[in-house]
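These are the residues of each chain, in order.
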Amino acid sequence: MKMENFPAIDLLQVRKSYRDKIALEDISLTLSNRQCLALVGHNGAGKTTLIKIILGLLRPSHGTIKVIHQDPTSRNFNQLRCSIGFLPEQVLFQKTLTGRETLAFYARLKGLPTNNLDEYFDRIDLRAAADRRVGTYSKGMRQRLGIAQALLGQPKLLVLDEPTTGLDPVARQNIYRIIDEEKKNGAAVLISSHVLTEMDDRIDRVAILSEGRMVAHGSIPFLRHHIGMRSYLKINADPGTCGNIAAMFEAELPVEHPSTEEIVLRCLPEQKQEILRRVMAMETTITDIELIDPSLEHIFNAYSSAPSSGGNHV
Amino acid sequence: MPTQALLLRVGTMYNILVLAGKEIRDGYRNKWIAVMTLVMTGFALILALLGSAPVGSTHISPMAVTVVSLSSLGIFFIPLIALLLSYDSIVGEEERGTLILLLAYPISKPAIALGKFLGQISILSFAIIVGYGCATLAIAVNGDIPLAEQAWPILLKLMFSSVLLGGVFLALGLLLSTMTRDRGTAAAGAIGLWLLFVVLFDMALLGFLSSSAVDLIRDDAVKWIMLASPSDAYRMFNLSTNAETALLSGMAGLREDQGVPAPVLITILCAWILIPLTASCVLFQRRSS
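Please read these numbers as outputs of a predicted model, since none were measured by experiment. (Residues numbered from 1 in each chain as written. Chains lettered and ligands numbered in written order. Predicted model: local features only at pLDDT ≥ 70, side-chain atom pairs only at ≥ 80, totals over all residues. Heavy atoms only, no water.)

**Comments concerning helix H4 (residues 89-96) of chain B**
Note that an α-helix has 3.6 residues per turn; residues three or four places apart therefore point the same way.
Working step 1: Every buried residue of H4 of chain B is listed here: Ser89, Ile90, Val91, Gly92 and Glu93 of chain B.
Working step 2: Backbone geometry just after H4 of chain B places Gly97 of chain B at a positive phi near 85°. (Buried < 20%, exposed > 50% of the residue type's maximum accessible area, 1.4 Å probe, protein only. Helix = DSSP H or I, 4+ residues; strand = E, 2+ residues; numbered from the N terminus.)

**Section: the UniProt feature "transmembrane region" (unreviewed entry) in chain B**
Residues and elements named next belong to chain B.
Working step 1: The sites that UniProt annotates as "transmembrane region" (unreviewed entry) are residues 32-51, 63-87, 117-142, 154-176, 188-209 and 264-284.
Working step 2: Helix and strand shares over residues 117-142 are 100% and 0% respectively, and the end C-alpha atoms of the span are 37 Å apart.
Working step 3: The span residues 188-209 is 100% helical and 0% strand by assignment, and the distance between its end C-alpha atoms comes to 29 Å. (UniProt positions renumbered as here; feature names shortened; annotations may be inferred.)

**What to know about the sheet that holds strand S3 (residues 36-40) of chain A**
Residues and elements named next belong to chain A.
Working step 1: Taken in spatial order, the six strands of this open sheet run S5-S6-S7-S3-S8-S9, and their pairing is mixed. Each having just a single partner strand, strand S5 (84-87) and strand S9 (213-218) make up the two edges of the open sheet. In this sheet, adjacent strand axes meet at a mean angle of 15° when their direction is disregarded.
Working step 2: The strands touched by helix H6 (residues 169-184) are S3, strand S6 (157-161) and strand S7 (188-193); relative to S7, the strand with the most contacts, the crossing angle is about 155°.
Working step 3: On top of the sheet, helix H10 (residues 296-305) reaches S3, strand S8 (205-210) and S9; it is set at about 40° to S8, its chief contact. (Pairing = 2+ DSSP bridges. Axes fitted to C-alpha atoms, helices over the stretch in contact; angles between N-to-C directions. Contact = heavy atoms within 4.5 Å.)

**A few points about the packing of aromatic side chains**
Working step 1: All chains considered together, the criterion is met by seven aromatic pairs over all chains.
Working step 2: Ring centres 5.8 Å apart and planes at 65° place the aromatic pair Phe93 of chain A and Tyr106 of chain A in the edge-to-face group. Here Phe93 of chain A is found in the loop between S5 and helix H3 (99-109), whereas its partner Tyr106 of chain A is found in helix H3, with 13 residues between them in sequence.
Working step 3: Overall, Phe93 of chain A belongs to the buried group, its relative accessible area being 4%.
Working step 4: Counting every residue linked through ring pairs, the aromatic cluster contains Phe93, Phe105 and Tyr106 of chain A together with Tyr105 of chain B.
Working step 5: For the cation-ring pair, Lys22 of chain B lies above Phe105 of chain A, with the distance from its terminal atom to the ring centre recorded as 4.7 Å. (Phe/Tyr/Trp six-rings, centres within 6.5 Å; stacked < 30°, edge-to-face > 60°. Lys NZ or Arg CZ within 6 Å of the ring centre and 35° of its normal.)

Set out below in structure tokens:
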């Protein structure tokens, strides 16, 4: 099925200020369908405020917003909410109701039938526990129920506020798998997080918020390149070889020598292939080579600690 | 587009019912309904059985005796359970994170408030009707008077006004829950409301009437001051608008102009429901999320 691309979220110079403090300043970003944008920032950076503005729960002080072609603060937006799936940062469903009853309640609010809920329970791998009370669920199961609720009715926009906080790696991977499926189904996915290391390949773009401002915005390779963070190339070999390698690269790269049999080269992303080729061309006995790219976590820390002069880069 | 407007209205009504249904199901699951109904029935049965014993051969019907005792029970008990049910309607959802989720759904804030109220008043009505119903049935079956000749109308009046009284305090609790920022404050406020309307108001009025300050106001103003409290309107409705219950409760000595007609009392109770309910919707709408 061919689907045209459309901007699910279109923000232009959005500002939100309260009496004495500015929560968001000059935020402009777009998110199209079949894309996943990650909103990254420390607690209090303004992620949840921005999400509330996108969902029409808060009115911005300034700026224009279009969510699926409509202004979220307008009265007509209520009908559009059927096409939006949302998972709040922390949600505690009524413990006394079963998973199925909870999901049925939300399905009814969206005007959906409640006889096909099994397919949602299958997707989040909760079919066996669907008729148990939510009170008996583990944290991961409750989070999955929250995701199922957001998936109801095949939303065009999926907004997940910290969907993976406090989950074990397997549960986390499952959630990313679902995000990926939704993306392929044509949804625009907005997620917020501060746990980013394990989702590098699943997000298309990252917007880094720091103290209400967007300090960086772009794809992960772009951000990686732009901040100029170096990759680590760790080589284990005999002391002689290590000395040779060190001598060869000392002039052009920062070289560290943690021990006599180990050497660490810190190279820029675009130098990686060339340096590897030169190392391999030495035809010496190398015990081990390890290449560590800066993780999203490193990039994020570098951006959010740097002065916000970086501006927006798309 | 009239059809679209109609559809929207039907959708809103449906959403209110969905919310009310969830409220009822939750009340059933967490044993609220069972506990409330049992307590109501228990107290009502005790009062009814004890109260009807000394009637003997007077002309007062046992039903009237029971209704007088039950309305005294209700005046303390119904506001309490109503406030317990409703004090955290909004603020509780907010603390659990489900409010922001609900608001992201196609449902308006007034519909959320009304849905909760509707669910809660259904729960309360069930407890009142079953509780009072069991008690009066026990009396009626034990007594000498044939069932058909029992004074059923005063029982129906009692049930009807008890539901209204419950509605008043449900609406007040709902209002409280839209005005507070955490459940603790809301709970404290609920206790305050209960004390104010059920205990302090009457005590203050009594103190005022027995002091010399009473000369400052006109004689017929007293009843209207009294009606400023919904529980007194309820009391007056059940005790003074029927000859038998009035006689039993010492209200028979009222002069004609000291009484208030039943429709006025009902109107007062309804106003006490509608005003806080409307205020809740307005305040909820303004509340920042």
